[in-house]
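# Topology and contacts: notes
Residues per chain, in single letters:
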Amino acid sequence: MKIFVLNAGSSSQKSALYEVSNAALPDKAPEPLWEGQLDWLADSSAQLVIKTYAGEKHSETIEKSSRQEVLLYLLERLYQGSTKVIEQISEIDIVGHRVVHGGADYQSSVVVTPSVKQTIQALTDLAPNHNPANLEGIELMEQLLPDIPQVAVFDTAFHSQMPSVASTYPGPYDWVEQGIRRYGFHGISHQYCAQKTAQILKQELNSLRLITCHLGNGGSLAAVKEGKSIDTTMGFTPLDGLMMGTRSGAVDPGILIHLMRQGMTGDQLDRLLNKESGLLGISGVSHDLRAVQSAIQQNNPRAQLAKDLYLYRLKACIGSMVMALGGVNAITFAGGIGENSDWLRLSVCESMEFLGLKIDNQKNNSSPVDTDIATSDSKVSVLVIHTQEDWAIAQECWQLAKDNNLTNS
Ligand code: ADP
């Protein structure tokens with residue numbers, strides 16, 4: 001079965017083609033036949049990088065008259081030119097899309113129908129940087145492959161069964177009725193990390209209490225009990241919770257009232273909190289933790305504050321997850337920061353020593369991937385996981401295709 005995955009973020013478009021057996025899924029994520037990434041530079045230009053299983057690499061800057069044309073050009077690289085891996089696009093059996101916001105409507109992945117598209121559209125207000133890009137990919141694939149099933153895999157789905165004490169904001173009760181609640185995001189990654197953690201530890205997911213830390217440009221934590229997300233740090237939008245690259249995370253809403261009274265508009269506040277805050281806002285240097293770290297070496301005090309604040313808030317939120325779970329068997333680090341930053345893992349783990357957690361420094365410093373880096377006598381395991389959202393989406397497609405008899409191949 002050939003499964004094509006489109007994973008649209010706010011500033012990038014990742015895509016991958018997997019070929020898997022119809023009979024069973026492999027235990028480990030296979031290498032995709034073909035992987036393409038677009039980093040949007042402006043509205044209709046992008047940097048394109050493609051890799052194939054056979055080792056072919058291609059990169060170029062594309063300028064077209066619309067985003068759709070850029071996307072089409074990306075897709076053509078599947079069956080044309082040096083990165084060609086199929087003869088024609090109709091060889092694709094099923095397409096999976098990451099959809100960031102599924103609201104309260106979707107607790108699991110679904111086959112795309114007109115009503116699913118309407119819901120994704122209706123939720124654009126809540127994820128303005130993501131849902132329109134997700135819908136754009138769905139509509140393009142519908143035009144190209146009208147008879148092929150498409151699947152929406154929601155970043156909110158994994159958190160959709162959180163208990164109401166975790167999902168409710170203590171505002172007026174009207175909010176509950178209007179759907180103003182904590183939805184949570186990065187669910188595809190948190191779920192993948194939780195499953196992978198159980199697999200690596202050779203334990204049943206149902207028997208574990210886990211904290212999964214997805215720390216990339218955006219960042220969130222999930223408290224996973226018996227395989228279900230029971231709490232998470234992102235909320236109604238992906239702005240809540242941890243300090244991030246350019247997002248503030250949780251701040252006193254009174255600050256926003258104060259700024260609005262001073263004349264700031266909703267759009268200005270949106271920009272301030274989503275694009276001009278976090279590591280970038282405090283350091284004034286960069287949204288990238290590596291650049292902040294370099295600035296600290298140049299004795300930049302704002303960079304030092306940004307790093308200290310990032311760590312402080314991360315640790316405080318982990319504490320809150322420990323309490324939600326009532327104990328913890330493992331903490332899992334993933335995402336660009338979680339996977340690559342050994343000093344961050346060390347600092348977090350040292351703050352968790354009171355729980356009997358002991359990190360193995362040598363393992364931590366050896367660029368670990370998909371492994372436990374706690375000492376053998378540690379009471380809490382420490383996992384570093386290379387999260388594979390695209391493979392997780394492909395797995396969902398495979399399962400839905402099986403359950404609903406969707407493909408002929
Ligand atoms: P996204 O959330 O956009 O998918 P990633 O998960 O790829 O992002 O994470 C990107 C971030 O990872 C970068 O902004 C950078 O701060 C961080 N990062 C990558 N490598 C390192 C490293 N070696 N040390 C610290 N941070 C790193």
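Residues numbered from 1 in each chain as written. Predicted model: local features only at pLDDT ≥ 70, side-chain atom pairs only at ≥ 80, totals over all residues. Heavy atoms only, no water.

### Comments concerning the site of the ligand
Test applied: Being near a molecule or strand, for a residue, means having at least one of its heavy atoms within 4 Å of it. Between N or O atoms, a polar contact is any pair within 3.5 Å; within protein, one atom must be a potential hydrogen donor and the other a potential acceptor, and residues adjacent in sequence are included only when both atoms are from side chains. Residue burial considers only the protein chains on display, and all accessible areas are found by Shrake-Rupley using a 1.4 Å probe. Counting from the N terminus, the helices are DSSP H or I runs at least four residues long and the strands are E runs at least two residues long. When residues are grouped by polarity, Ala, Val, Leu, Ile, Met, Phe, Trp, Tyr, Cys and Pro land in nonpolar, Asp, Glu, Lys and Arg in charged, and all others, Gly among them, in polar.
Looking at the ligand, there are 13 residues lining it, with Asn-217, Asp-288, Leu-289, Gly-336 and Asn-340 nearest. The backbone of Ile-337 places a nitrogen or oxygen atom 3.5 Å from an oxygen atom of the ligand. The separation between a nitrogen atom of the ligand and a polar side-chain atom of Asn-340 is 3.4 Å. Protein burial of the ligand: of its 570 Å² of free accessible surface, 70% is covered by the chains. At the level of secondary structure, the elements contributing two or more residues to the shell around the ligand comprise α10 (289–297) and α12 (335–340). With four residues, the single largest contributor to the shell around the ligand is α12. Here the residues of the shell around the ligand are counted per class, giving two nonpolar, eight polar and three charged.

### Focus: the nonpolar core
Cut-off, in case you're wondering: Residues belong to a common nonpolar core when they are buried Ala, Val, Leu, Ile, Met, Phe, Trp, Tyr or Cys residues joined through side-chain atoms within 4.5 Å. In this scheme, a residue with accessible area under 20% of its type's maximum is buried, one over 50% is exposed, and one in between is partly exposed, where area comes from a 1.4 Å probe on protein chains only. Contact criterion: two residues are considered in contact whenever any of their non-hydrogen atoms come within 4.5 Å of each other.
Core analysis: the biggest nonpolar cluster contains 38 residues, and Ile-211, Leu-215, Leu-314, Ile-318, Ile-331, Phe-333 and Leu-344 have the highest contact counts within it. Secondary-structure elements contributing two or more residues to this core are β9 (209–215), β10 (219–225), α10, α11 (301–325), β12 (330–334), α13 (342–350) and β14 (381–384). At 10 residues, α11 tops the list of elements feeding residues into this core. Sequence-distant contacts of Ile-331, that is, excluding residues within four places in its chain, are made with Ile-211, Cys-213, Ile-318, Val-348, Met-352, Leu-357, Val-380, Ser-381, Val-382 and Leu-383. Core analysis: the second largest hydrophobic core is formed by 33 residues, Tyr-18, Ile-385, Leu-400 and Ala-401 among them.

### What about the pairing of strand β2 (residues 12–19)?
For clarity, the threshold we go by: In short, DSSP must find at least two bridges between two strands for them to pair.
Counting buried positions along β2 yields six of eight residues, so the element is predominantly enclosed. Inspection of the sheet shows strand β1 (residues 2–8) paired to β2 by seven bridges, in the antiparallel sense. Paired with Ala-8 across the bridge in β2 is Gln-13.

### Points about the packing of helix α1 (residues 67–76) against helix α3 (residues 131–144)
The condition is simple: An axis is simply a line fitted to the C-alpha atoms; with a helix, the fit covers only the stretch in contact. Between two such axes, the angle follows the N-to-C directions and lies from 0 to 180 degrees. In these notes the angle categories are as follows: under 35 degrees is roughly parallel, over 145 is roughly antiparallel, 65 to 115 is roughly perpendicular, and the rest is oblique. Take the far helix as your reference; a near helix turned counterclockwise from it by less than a right angle gives a left-handed crossing, and one turned clockwise gives a right-handed crossing.
At their nearest, the axes of α1 and α3 sit 11 Å apart, and the two run at 60° to each other. Our classification of the angle between α1 and α3 gives oblique. Crossing hand, α1 versus α3: right-handed. On α3, the residues touching Arg-67, Gln-68, Leu-71, Leu-72 and Leu-75 of α1 are Ala-133, Glu-136, Leu-140, Met-141, Gln-143 and Leu-144. For the contact of α1 with α3, the class distribution of residues is seven nonpolar, two polar and two charged.

Geometry only, nothing functional implied.
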